[in-house]
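Survey of secondary and tertiary structure
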Amino acid sequence: MQHFQTHLHDEAGTAALGRAFAQALAPGLTIYLHGDLGAGKTALTRAMLQAAGHAGHVKSPTYTLAEPYTVQIGGRPVEVIHFDLYRLASPEEFLDAGFREYFGADTICIIEWPEKAEGVLPAPDINMHLGISGNGRDIKCEALSVQGTQCLDRLKFAPNL
Ligand SMILES: Nc1ncnc2c1ncn2[C@@H]1O[C@H](COP(=O)(O)OP(=O)(O)O)[C@@H](O)[C@H]1O
Ligand SMILES: [Mg+2]
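I will try to describe carefully the structure that is included in this document. Every value quoted in this text rests on a predicted model; they were computed, and no experiment measured them. (Residues numbered from 1 in each chain as written. Chains lettered and ligands numbered in written order. Predicted model: local features only at pLDDT ≥ 70, side-chain atom pairs only at ≥ 80, totals over all residues. Heavy atoms only, no water.)

Looking now at the overall build of the protein. Helix and strand content of the protein: 4 helices and 7 strands. Its helices and strands taken in sequence order, the protein reads β-α-β-α-β-β-α-β-β-β-α from the N to the C terminus. For a compact globule of 161 residues, the expected C-alpha radius of gyration is about 15 Å, and the protein comes in at 15 Å, within 12% of that figure. In terms of its C-alpha atoms, the protein occupies a principal-axis envelope of roughly 45 × 35 × 30 Å. (Helix = DSSP H or I, 4+ residues; strand = E, 2+ residues; numbered from the N terminus. Rg over C-alpha atoms; globule rule 2.2 N^0.38 Å.)

Summarising the metal site, the magnesium ion (ligand 2) is bound by the protein donors Thr42 (OG1), Ser60 (OG) and Glu112 (OE), whose distances to it range over 2.1 to 2.6 Å. Written as a sequence motif, the donor arrangement for the magnesium ion (ligand 2) is T-x17-S-x51-E. With Thr42 in helix H2 (residues 41–51) and Glu112 in strand E5 (residues 107–112), this pair connects stretches of sequence that are 70 residues apart. Accessibility expressed as a relative area gives 15% for Thr42, which makes it buried. (Donors = N, O, S within 2.8 Å, 3.2 Å for Na, K, Ca; no water. Buried < 20%, exposed > 50% of the residue type's maximum accessible area, 1.4 Å probe, protein only.)

Of all residues adjacent to ligand 1, which total 17 residues, the nearest are Glu11, Thr14, Gly38, Lys41 and Ala43. Contact between ligand 1 and Thr14: a nitrogen atom at 2.7 Å from a side-chain N or O atom of the residue. For ligand 1, whose free accessible area comes to 580 Å², the fraction covered by protein is 75%. Contributions of two or more residues to the shell around ligand 1 are made by helix H1 (11–24), H2 and strand E7 (136–143). It is H2 that contributes the most residues to the shell around ligand 1, 3 residues altogether. Its residues placed into classes, the shell around ligand 1 shows 4 nonpolar, 7 polar and 6 charged. (Near = heavy atom within 4 Å. Polar contact = N/O pair within 3.5 Å; in protein donor to acceptor, adjacent residues only side chain to side chain. Areas by Shrake-Rupley, 256 points an atom, 1.4 Å probe, with all protein chains shown as cover. Nonpolar A, V, L, I, M, F, W, Y, C, P; charged D, E, K, R; others polar.)

Moving on: the environment of Ser60. With respect to the helices, strands and loops of the structure, Ser60 is situated in the loop between H2 and strand E3 (66–73). Note on Ser60: relative accessible area 19%, which makes it buried. Not counting residues within four places of it along the chain, the set of residues in contact with Ser60 comprises Thr42, His82, Asp84 and Glu112. Side chain to side chain, Ser60 and Asp84 meet in a polar contact 3.0 Å long. Side chain to side chain, Ser60 and Glu112 meet in a polar contact 3.3 Å long. (Contact = heavy atoms within 4.5 Å.)

Right, let's talk about the nonpolar core for a bit. Leu17, Phe21, Leu44, Ile108, Met128 and Ile139 are the most contacted members of the largest nonpolar core, which has 33 residues in total. Here the element with the most residues in this core is H1; it accounts for 5 residues. Setting aside anything within four residues of it in sequence, one finds Leu44 in contact with Thr14, Leu17, Gly18, Leu33, Met128, Leu130 and Ile139. (Core = buried A, V, L, I, M, F, W, Y, C linked by side-chain atoms within 4.5 Å.)

So, on to H2. With 8 of its 11 residues buried, H2 lies for the most part within the structure. All of the buried residues along H2 are Lys41, Thr42, Ala43, Leu44, Thr45, Ala47, Met48 and Leu49. Positive phi shows up at Gly53, right after H2, with a value of about 110 degrees.

Read these as layout, nothing more, since geometry by itself doesn't imply function.
Written as structure tokens, this is what we have:
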């Protein structure tokens, strides 16, 4: 699947999509999460991480900018790095922090506010756009690589439209 869009009526809908993604993820994926403050980027990431076996809290790493988690993907431990680049001062800061070293075939990177590191951020396999719509959220997902397409192909999500 190349792309899809759906409406998430409530937070439970966001959680359900996160759980579905947790089953579809594979090492090596880079996922960009676009959307304004409160659009649900962190809520979706939290649902993915917790469904993949992370037992503790997940909050946006607003000040540390990056937070690594070890979760279970396909029955194996995989490092997932959750970025929130909202407070990134410049793309150079991303490079200086050594954040590019997190990206690779063995890790999964999920990035809120990717536009803040434009030009230095590795390209996405999946681009997601979240937006507030009525009391719920609209989401568009787009695959931009073979790996991204394969992930969306594995996604088992039945949106209750
Ligand atoms: N589908 C949804 N419908 C309504 N509210 C939602 C939905 N998904 C998440 N929320 C709520 O929207 C807010 C999203 O906050 P957060 O995930 O921190 O946003 P962001 O990381 O994009 O700034 C949370 O209060 C969450 O409970
Ligand atoms: Mg957030």
